[in-house]
Amino acid sequence: IPWVPTPDNSEVYLERVKQAVKVSAEKCIQASPAGRDRRHMFEMLTLAVAWQESCWRQFVTGGGKIGPLRSYNNTSVGLMQINERVWRGLYKTDSLRWNIEYNAKAGAEILDHYLKDYALPKMDPADPLDHDTLGQAVYAMYNGGPAQFKAFLNRKKTNTLYQSDKLFWDKYTMAKAGEFEKVSICLT
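Residues numbered from 1 in each chain as written. Predicted model: local features only at pLDDT ≥ 70, side-chain atom pairs only at ≥ 80, totals over all residues. Heavy atoms only, no water.

A separate point is helix α6 (residues 131-144). Residues spaced three or four apart along an α-helix point in a common direction, a consequence of the helix completing one turn every 3.6 residues. Taking 1.5 Å per residue, 14 residues should reach 20 Å; α6 reaches 20 Å between its end C-alpha atoms and fits that length. Across the 14 residues that make up α6, a large majority, eleven, are buried. Every buried residue of α6 is accounted for by Asp 132, Thr 133, Leu 134, Gly 135, Gln 136, Ala 137, Val 138, Tyr 139, Ala 140, Met 141 and Tyr 142. Buried positions along α6 lie against α3 (39-54), β4 (82-83), α5 (100-122), α7 (148-157) and α8 (163-176). Where α6 starts, the residue carrying a side-chain oxygen 3.0 Å from the main-chain nitrogen of Asp 132 turns out to be Asp 130. Note on α6: the residue one or two positions beyond its end, Gly 145, has a positive phi of about 95°. (Helix = DSSP H or I, 4+ residues; strand = E, 2+ residues; numbered from the N terminus. Expected span 1.5 Å × (residues − 1). Buried < 20%, exposed > 50% of the residue type's maximum accessible area, 1.4 Å probe, protein only. Contact = heavy atoms within 4.5 Å. Polar contact = N/O pair within 3.5 Å; in protein donor to acceptor, adjacent residues only side chain to side chain.)

Before going further, it helps to examine unusual backbone geometry. It is generally the case that most residues other than glycine have a negative phi and that most peptide bonds are trans. Notably, Cys 55 is not glycine yet its phi reads approximately 55°, a positive angle. The residue Cys 55 is located in the loop between α3 and β1 (59-62) in this model. For Trp 56, which is not glycine, the phi torsion reads 60° and is therefore positive. Looking at where Trp 56 falls in the secondary structure, it is placed in the loop between α3 and β1.

Attention shifts here to the packing of aromatic side chains. Aromatic ring pairs are described here by two measures, namely the spacing of the ring centres and the angle between the planes. Counted under the stated rule, the structure contains eleven aromatic pairs. Centre to centre, the rings of Trp 87 and Tyr 91 are 6.5 Å apart; their planes meet at 65°, and the pair counts as edge-to-face. No difference in accessibility class separates Trp 87 from Tyr 91, as the two residues are buried. Through a chain of ring-to-ring contacts, three or more aromatic side chains come together here, namely Trp 87, Tyr 91, Tyr 102, Tyr 114 and Tyr 118. The ring of Trp 3 has Arg 16 sitting right over it, with the charged end atom 4.1 Å from the ring centre. Residue placement shows Lys 156 over the ring face of Trp 169; its charged tip is 5.8 Å from the ring centre. (Phe/Tyr/Trp six-rings, centres within 6.5 Å; stacked < 30°, edge-to-face > 60°. Lys NZ or Arg CZ within 6 Å of the ring centre and 35° of its normal.)

Further remarks concern the nonpolar core. The biggest cluster of nonpolar side chains holds 56 residues, and the ones touching the most others in it are Leu 45, Trp 56, Leu 79, Val 138 and Tyr 142. Only α1 (10-31), α3, α5, α6, α7, α8 and α9 (183-187) provide two or more residues apiece to this core. In terms of residues, this core owes the most to one element, α5, which gives ten residues. Setting aside chain neighbours within four positions, we find Trp 56 in contact with Tyr 13, Leu 14, Val 17, Lys 18, Leu 47, Ala 50, Trp 51, Leu 79, Phe 180 and Val 183. (Core = buried A, V, L, I, M, F, W, Y, C linked by side-chain atoms within 4.5 Å.)

Between α1 and α5, whose axes approach to 8 Å, the crossing angle comes to 40°. Our classification of the angle between α1 and α5 gives oblique. Along this stretch, α1 crosses α5, giving a crossing that reads as right-handed. When α1 is examined against α5, the residues Val 17, Ala 20, Val 21, Ser 24, Ala 25 and Cys 28 are found in contact with a partner set consisting of Ile 100, Glu 101, Ala 104, Lys 105, Ala 108, Glu 109 and Asp 112. (Axes fitted to C-alpha atoms, helices over the stretch in contact; angles between N-to-C directions. Parallel < 35°, antiparallel > 145°, perpendicular 65-115°, else oblique. Left-handed = near helix turned anticlockwise from the far one by under 90°.)

With that settled, consider the environment of Tyr 91. Residue position: Tyr 91 is located in the loop between β4 and α4 (93-98). Between the alpha carbons of Tyr 91 and Tyr 102 there is a distance of 8.9 Å; along the sequence they are eleven residues apart. Apart from residues no more than four positions distant in its own chain, Tyr 91 is found in contact with Leu 96, Tyr 102, Ala 106, Glu 109 and Ile 110. Looking at Tyr 91, its side chain comes within polar contact range of the side chain of Glu 109, at 2.7 Å.

Here we come to α8. Over its 14 residues, α8 extends 20 Å from the first C-alpha to the last, a length consistent with the 20 Å expected when each residue adds 1.5 Å. On its buried face, α8 sits against α3, α6 and α7.

Laid out in structure tokens, this is it:
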């Protein structure tokens, strides 16, 4: 099964997932002027979010069955851990669960939404955020909603980052360094 990692397909699996996420990020970049100016950051952001949220998994196996990966509280699903309640009406629930490319596309669109509709308008034009901080702030919103933009910047300034902020930063820096083989560590 091409979208389920196994010990003998992990290299091919990781490359397939990476390409699916990159294609979704690129489509958002092409459609959004905000993304084009930040192409590399947005691609790394999208790859790191998939890593942070699901370890690049859409599906899990158990009891001889395959099912969509669900969050600990059963509210979010798939590769990008899309919250089905928050995004209902905008995305098809069955597709979020069973189509990894659709899930990747939805996640990239949500990241783009937080970037262009929240982060960029709230940034101080006299003191714009560097791309890495901007990526971290967008992830904080993806993880906790729009109010996390200023909350994250305050946490960063006061050195009181959440564990999720720190874990995301680890994945983001590994993605920027091209260390994608490290994803396989969390697949086993």
